[in-house]
Amino acid sequence: MTEFWLISAPGEKTCQQTWDKMMTATTRNNNLSSNHKFSIPDLKVGTLDVLVGLSDELAKLDSFVESVVKKVAQYMADVLEDSRDKVQENLLANGVDLITYITRFQWDMAKYPIKQSLKNISEIISKQVNQIDNDLKARASSYNNLKGTLQNLERKNAGSLLTRSLADIVKKEDFVLDSEYLITLLAVVQKTSYADWQKMYETLAEMVVPRSSNLLFEDNDSGLFSVTLFRKAIDDFKHKARENKFSVRDFQYNEGEMKADKEEMTRLSTDKKKQFGPLVRWLKVNFSEAFIAWIHIKALRVFVESVLRYGLPVNFQAMLLQPNKKTTKKLREVLNELYKHLDSSAAAIIDSAMDIPGLNLSQQEYYPYVYYKIDCNLLEFKV
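Residues numbered from 1 in each chain as written. Predicted model: local features only at pLDDT ≥ 70, side-chain atom pairs only at ≥ 80, totals over all residues. Heavy atoms only, no water.

## Section: the overall build of the protein chain
Definition in use: Put simply, DSSP marks the helices as runs of H or I at least four residues long and the strands as runs of E at least two long, and each gets a number from the N terminus on. Put simply, the radius of gyration uses C-alpha atoms, and a globule should come to 2.2 Å times the residue count raised to 0.38. A 1.4 Å probe rolled over the protein chains alone gives each residue an accessible area, and that area as a share of the maximum for its type sets the label: buried under 20%, exposed over 50%, partly exposed in between. Contacts are assigned to residue pairs with any non-hydrogen atoms lying within 4.5 Å of each other. Under this rule, positive means Lys or Arg and negative means Asp or Glu; His and the chain ends count for nothing. Think of each charge as sitting on NZ of Lys, CZ of Arg, CG of Asp or CD of Glu.
What the protein chain contains, in helices and strands, is ten helices and ten strands. Relative to a compact globule of 383 residues, whose C-alpha radius of gyration would be 21 Å, the protein chain shows 34 Å and is clearly more extended. In terms of its C-alpha atoms, the protein chain occupies a principal-axis envelope of roughly 105 × 50 × 35 Å. The proportion of buried residues among the 383 residues of the protein chain is 44%. Put simply, of all contacts in the protein chain between residues at least 6 apart along the chain, 78% involve residues at least 24 apart. Both charge centroids of the protein chain, one from 52 positive and one from 51 negative side chains, sit 4 Å from each other.

## Some points on the sheet that holds strand 7 (residues 222–230)
Hydrogen bonding along the main chain pairs the strands of a sheet, whether they run parallel or antiparallel. Put simply, the rule is: We call two strands paired when DSSP finds no fewer than two bridges between them. Lines fitted to C-alpha atoms define the axes here, with helix axes fitted over just the stretch in contact, and angles between the N-to-C directions of these axes take values from 0 to 180 degrees.
One open sheet holds the four strands; their spatial order is 6-7-5-8, and the pairing between them is antiparallel. Here the strands that pair on one side only, and so sit at the sheet edges, are strand 6 (214–218) and strand 8 (247–249). Neighbour to neighbour, the strand axes of the sheet diverge by 35 degrees on average, direction disregarded. Pairing analysis gives four bridges linking strand 6 to strand 7, with the strands arranged antiparallel. From the neighbouring strand, Phe217 faces strand 7, where its bridge partner is Leu224. Contacting strand 5 (182–190), strand 7 and strand 8, helix 7 (residues 234–243) runs over the sheet at an angle of about 150 degrees to strand 7.

## Side note on the pairing of strand 9 (residues 316–323)
With eight of its eight residues buried, strand 9 lies for the most part within the structure. Alternating positions in strand 9 separate into two faces, Phe316, Ala318, Leu320 and Gln322 on one and Gln317, Met319, Leu321 and Pro323 on the other, with burial throughout. Across six bridges, the pairing between strand 1 (residues 3–10) and strand 9 is antiparallel. Counterpart to Ser8 in the pairing with strand 9 is Ala318.

Here's what the structure looks like:
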């Protein structure tokens, strides 16, 4: 399970006592969660009014940054295409996997100096992640356009014989070229109709050159036949071919055009390969930056909410719990019992909710203790 509960409770005589009590309730008496201390430095408190306003701003910033983290992760999977099963090994924070980063969280003093006010720190994060979001949009748009153009060309080269490019199929010697009177047409014939074609093509119009039809290529369903006739018989031949369910391709052999198509495909394919490496590197670096910013926002929210709830001087213990499978409900009950004295109104709401069958308690986001969820399931698909 990659869900964490980031909680805080006021310090007793010491913060260590708060930690020990929680450990006794959740692990020593039973095995409900894996727990870690969550280290938050001494941040500047500021005024109560600023804290109240910041609490709302941080909630919005939290949602925004989480959405950017998910976008970068999802786009990484899209870019990796057939190697998307390797996406998790590329989603790192500060060079380590996400769970290690969260459970060993240390505030980054260089990026987010604690001498700055809480508002300034949140603005630094907001500006940084907005930049990542804007850069992602620009890079994704450029790469997607290139990829889309290449895919369209590839589709042309791999579709049905009725629509696909013939540049890799036909050769110059398959055609009568530069003749004032004769022309070579190409017809797509269902495999089941090969015998009919051979029997009929010479009589579909006057002036068809006898024995001029050759099978040039076939796929699973049909074959591409050439046939040579006099130019004046083209319309008549096409009409009769259509009546007999033979499809004449609208195609003129042009060596220059076909060469240009091949060169365009090669160029796009080369460009895509050139952009792939730098793009993946950018995604890795900026996923790490966005994820680190997101966890710092969680730390800020815990700090602000703890000061608002538990008062001054600052005295609380932040704790990271990873619920064990199938124990989330029991863990929630144990924590509510342990901390209900902190906020009797929240405890009463939760107790009454527990008496209503079928009510989903996960929708109750307010508890007697400070609580935020960190969900590391960042991708919409399973890898």
